[in-house]
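Summary of the model geometry
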Amino acid sequence: MLHVFNSLSGEKEALRPIHPGRIGLYVCGITAYDYCHMGHARVMVVFDVVVRYLRQLGYAVHYVRNITDIDDKIIARARSVGVDEGALTERFIAAMREDQAALGVLPPDEEPRATTHIRHIIEMIQQLEAAGYAYRAAGDVYYDVSRFPAYGALSHMRLDELRAGTRSEPGEHKRDPMDFALWKSAKAGEPAWDSPWGPGRPGWHIECSAMSLHTLGKELDIHGGGMDLKFPHHENEIAQSEACNGVPFVRLWMHLGFVQVREAKMAKSLGNAVLIRDLVARFGGEVLRLFLLGTHYRSPLMLTDEALEAARRSLWRLYGTLAGHAPAEPAWPKGIEARFAAAMDDDFNTPLALAVLFELARETSRLRRSEPGRSAQYAAGLRQLGGLLGLLGEDPEVVRRGAVDERRSTEIETLITERAEARRRKDYARADAIRDRLAQEGIVLEDGPAGTIWRLAGEEGSS
RNA sequence: GGCUGGGUGGCAGAGUGGUCAUGCAACGGCCUGCAAAGCCGUCUACGUCGGUUCGAUUCCGACCCCAGCCUCCA
């Protein structure tokens, strides 16, 4: 039985789908005004694993991850770069798709965008206004939090506690500092849509309420995102959706811990964001994936070169175990599969699941010579379990050789052949000279029962 | 100040009332022409102070420290 930590209740709870056998999952995606950083990578990879595992359990998962393609930051960035908002967002959405693919993340079933749901957003604001949850002020429309008694339930804060540190921005006309904008009137030159309140654009929070309603319905099984969205974004979504729909909005809230750089949260505003694409170039997407899954999703994750390098060696170890087996039906030693499932069932404990994978890898290597048939089966089993985490799907040789072009590859093969002949002649001086030369060039040779294979030494330049 | 998470071996990171996490690194051994890889073993960890207990890293209490949120942020 799968249990998931619900940040609303603060406890692990059994997953009980609203409709038996089906799961509606909504995740807050990116605001498309810049390249994605490792914090985004964590959200993408973790929910990719959640979806893969739920499907493995037999659920029909409907996975929706939105894209915010209109907001203040997009407008500001488009202006500073000198392009229109649409061109800017298209560019960064395309970049996100590249990053996602590099991380082995399957695309969500739907990726609704705010600008294609303006009509639904306006309808929802009208409903809120009609029900007395919203008020107009100088062309803007605000949500009146005093009308929603449960406000603060998700962040475990009372309204007066939340108010403590607030200040009002110039140009706002809120009755209460905790009120938030549903609709913002357009200033000259800003992109705008017609509405009952005049030309303007949606506030940030309302889009998720409107899009989740129109893609998944009034009640969601799981809603997720980064820890920083808990307040105010998700709190506001609850206020909007429940005021509108009259039913509990979300069964389970999943919030991810931060990726940290040198003891501090990674954030664009702090200038310490590490882009996915930069690390993909250095380590390869699968290494990043293993790194991200090596820590439980709710814990903070410290991003360091040492940790990434350790992840690379770990991944290579697994691929080394996988290499050179005959095709076989997947199998496991007794208990492995159950322990893997138990780990995943316990709030998606991927670090523990990975530990089980490493134990399986060790057993596979141990039997390699004595029982090659069983060893091959275990290797196939390792690949299959790894696949549930979106790992170990590549050709082991290719992964370990990294980004070496074909010409270079042929050169290396030629030298290996030359060395093999030298070894046959017992001309070890010559053989070692060849090996040393390749080692200096970052190529490591491994002599095995099936001949000599080669791989990259590490440091820079994996696939 | 309020709220939310944390403090585990050289590093990363799970977990548990009394026998093993796991990975990376290091050291010793096996294997190897020598290596590399792999396998075996070693390196006897649980913030502090009390309490409960036959026994606590694990339960309870207090305290200290770290990160985050209370403003846009995955």
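Residues numbered from 1 in each chain as written. Chains lettered and ligands numbered in written order. Predicted model: local features only at pLDDT ≥ 70, side-chain atom pairs only at ≥ 80, totals over all residues. Heavy atoms only, no water.

**Looking at the sheet that holds strand 11 (residues 259-261)**
Taking strand neighbours across the sheet as the criterion, the three strands line up as 12-11-13 in an open arrangement whose pairing is mixed. This sheet does not close on itself; its edge strands, each paired only once, are strand 12 (264-265) and strand 13 (301-302). Bridge count between strand 11 and strand 12: two bridges; the pairing is antiparallel. Paired with Gln260 across the two strands is Lys265, which belongs to strand 12. (Pairing = 2+ DSSP bridges. Helix = DSSP H or I, 4+ residues; strand = E, 2+ residues; numbered from the N terminus.)

**Structural notes on the pairing of strand 4 (residues 60-65)**
When strand 3 (residues 22-27) meets strand 4, the two strands line up parallel, connected through six bridges. Bridging from a neighbouring strand, Ile23 pairs with Val61 of strand 4. Handedness of the crossover joining strand 3 and strand 4 through helix 1 (residues 38-56) is recorded here as right-handed. (Right-handed = clockwise from strand over helix to strand, strands pointing away.)

**Things to note about the packing of helix 6 (residues 204-216) against helix 7 (residues 230-245)**
The geometry of helix 6 relative to helix 7 is characterised by a closest axis approach of 8 Å and an angle of 50 degrees between their N-to-C directions. Compared by their axis directions, helix 6 and helix 7 come out oblique. The interaxial crossing formed by helix 6 with helix 7 has right-handed handedness. On helix 7, the residues that touch Trp204, His205, Ile206, Cys208, Ser209 and Leu213 of helix 6 are Pro232, His233, Asn236, Glu237, Gln240, Ser241 and Asn245. Residues of the contact of helix 6 with helix 7, tallied by class, amount to five nonpolar, seven polar and one charged. (Axes fitted to C-alpha atoms, helices over the stretch in contact; angles between N-to-C directions. Parallel < 35°, antiparallel > 145°, perpendicular 65-115°, else oblique. Left-handed = near helix turned anticlockwise from the far one by under 90°. Contact = heavy atoms within 4.5 Å. Nonpolar A, V, L, I, M, F, W, Y, C, P; charged D, E, K, R; others polar.)

**Examining the confidence of the model for chain A**
Residues at a pLDDT of 70 or more form 97% of chain A, whose mean pLDDT is 92. We note a pTM of 0.95 for the whole complex and an ipTM of 0.94 for its interfaces. (pLDDT = per-residue confidence, 0-100.)

**Topic: the packing of helix 2 (residues 72-81) against helix 3 (residues 85-102)**
Taken N-terminus to C-terminus, the directions of helix 2 and helix 3 make an angle of 105 degrees; their axes are 9 Å apart at the nearest point. Looking at the two axes, helix 2 sits roughly perpendicular to helix 3. Two secondary-structure elements touch here, helix 2 through Ile74, Ile75, Arg77 and Ala78 and helix 3 through Glu85, Leu88 and Thr89. When the residues that make up the contact of helix 2 with helix 3 are grouped by side-chain class, the tally is four nonpolar, one polar and two charged.

**Section: the sheet that holds strand 3**
The strand order across the open sheet formed by four strands is 4-3-9-10, and the pairing between neighbours is parallel. Only two strands of the sheet have a single partner each, and these edge strands are strand 4 and strand 10 (250-256). Each neighbouring strand pair of the sheet contributes to a mean axis angle of 20 degrees, computed without reference to strand direction. Packed on one face of the sheet, helix 6 meets strand 3, strand 4 and strand 9 (220-226) and runs near 155 degrees to strand 3.

**Some points on the protein's contact with RNA strand B**
Neighbouring residues of RNA strand B: 57 residues in total, closest Lys73, Trp204, Gly226, Ser314 and Arg435. Within 4 Å of the protein, atoms of RNA strand B come from sugar and phosphate in 70% of cases. Contact distances for RNA strand B include 3.4 Å between a sugar or linking oxygen and a backbone N or O atom of His156. Ser365 has a polar side-chain atom sitting 3.5 Å from a sugar or linking oxygen of RNA strand B. Here the residues of the surface near RNA strand B sort into 20 nonpolar, 19 polar and 18 charged. (Near = heavy atom within 4 Å. Polar contact = N/O pair within 3.5 Å; in protein donor to acceptor, adjacent residues only side chain to side chain.)

**Side note on the nonpolar core**
Met38, Phe47, Leu303, Phe340, Phe348 and Leu389 are the most contacted members of the largest nonpolar core, which totals 91 residues. When residues of this core are assigned to their parent elements, the largest contribution, twelve residues, is made by helix 1. If sequence neighbours within four positions are ignored, Phe340 has contacts with Ala353, Val356, Leu357, Leu385, Leu388 and Leu389. Residues Ile118, Val145, Ala239 and Ala243 belong to the second largest nonpolar core, which totals 38 residues. (Core = buried A, V, L, I, M, F, W, Y, C linked by side-chain atoms within 4.5 Å. Buried < 20%, exposed > 50% of the residue type's maximum accessible area, 1.4 Å probe, protein only.)

**So, helix 7**
In terms of burial, helix 7 is largely enclosed, as 13 of its 16 residues are buried. Where helix 7 ends, the next residue or the one after it, Gly246, has phi of about 70 degrees, a positive value.

**Remarks on the packing of aromatic side chains**
Each aromatic ring pair is described using two quantities: the centre-to-centre distance and the angle formed by the ring planes. All chains considered together, the criterion is met by seven aromatic pairs. Here Tyr35 and Phe92 contribute two aromatic rings whose centre-to-centre distance is 5.0 Å and whose plane-to-plane angle is 85 degrees, an arrangement assigned as edge-to-face. Taken together, the positions of Tyr35 in the loop between strand 3 and helix 1 and Phe92 in helix 3 put the pair 57 residues apart, joining distant regions of the chain. Judged by its relative accessible area of 25%, Tyr35 is partly exposed. (Phe/Tyr/Trp six-rings, centres within 6.5 Å; stacked < 30°, edge-to-face > 60°.)

**Quick word on helix 13 (residues 372-388)**
For helix 13, built from 17 residues, the straight-helix expectation of 24 Å at 1.5 Å per residue is met to within 8% by its first-to-last C-alpha distance of 25 Å. Along helix 13, the positions that sit buried rather than exposed are Ser375, Ala376, Tyr378, Ala379, Ala380, Gly381, Leu382, Leu385, Gly386 and Leu388. Gly390 lies just past helix 13 and shows a positive phi near 75 degrees. (Expected span 1.5 Å × (residues − 1).)

**A word on the environment of Trp183**
Mapped onto the elements, Trp183 comes out in strand 7 (residues 180-185). Given a relative accessible area of 0%, Trp183 falls into the buried group. Within the structure, Trp183 has its side chain in polar contact with the side chain of Ser195 (distance 3.3 Å).

**Description of unusual backbone geometry**
A cis amide bond links Phe231 with the next residue in sequence, Pro232, at an omega value of 0 degrees. Mapped onto the elements of the fold, Pro232 is located in helix 7. The backbone phi angle of Ala138 is positive, close to 50 degrees, even though this residue is not glycine. Mapped onto the elements of the fold, Ala138 is located in the loop between strand 5 (134-137) and strand 6 (140-143). Unlike most non-glycine residues, Lys426 shows phi in positive territory, near 60 degrees. With respect to the secondary-structure elements, Lys426 resides in the loop between helix 15 (406-424) and helix 16 (428-440).

**Things to note about the pattern of salt bridges**
As enumerated under the stated definition, the model contains 39 salt bridges in all. Asp34 serves as the salt-bridge partner of Arg77, at 3.7 Å between the closest nitrogen and oxygen. Highlighted residues: Arg77 in helix 2 and Asp34 in the loop between strand 3 and helix 1, separated in sequence by 43 residues. On the basis of relative accessible area, Arg77 is assigned to the partly exposed category, the value being 27%. A salt bridge links Arg408 to Glu441; its shortest N-O distance comes to 2.7 Å. (Salt bridge = Lys/Arg side-chain N within 4 Å of Asp/Glu carboxyl O.)

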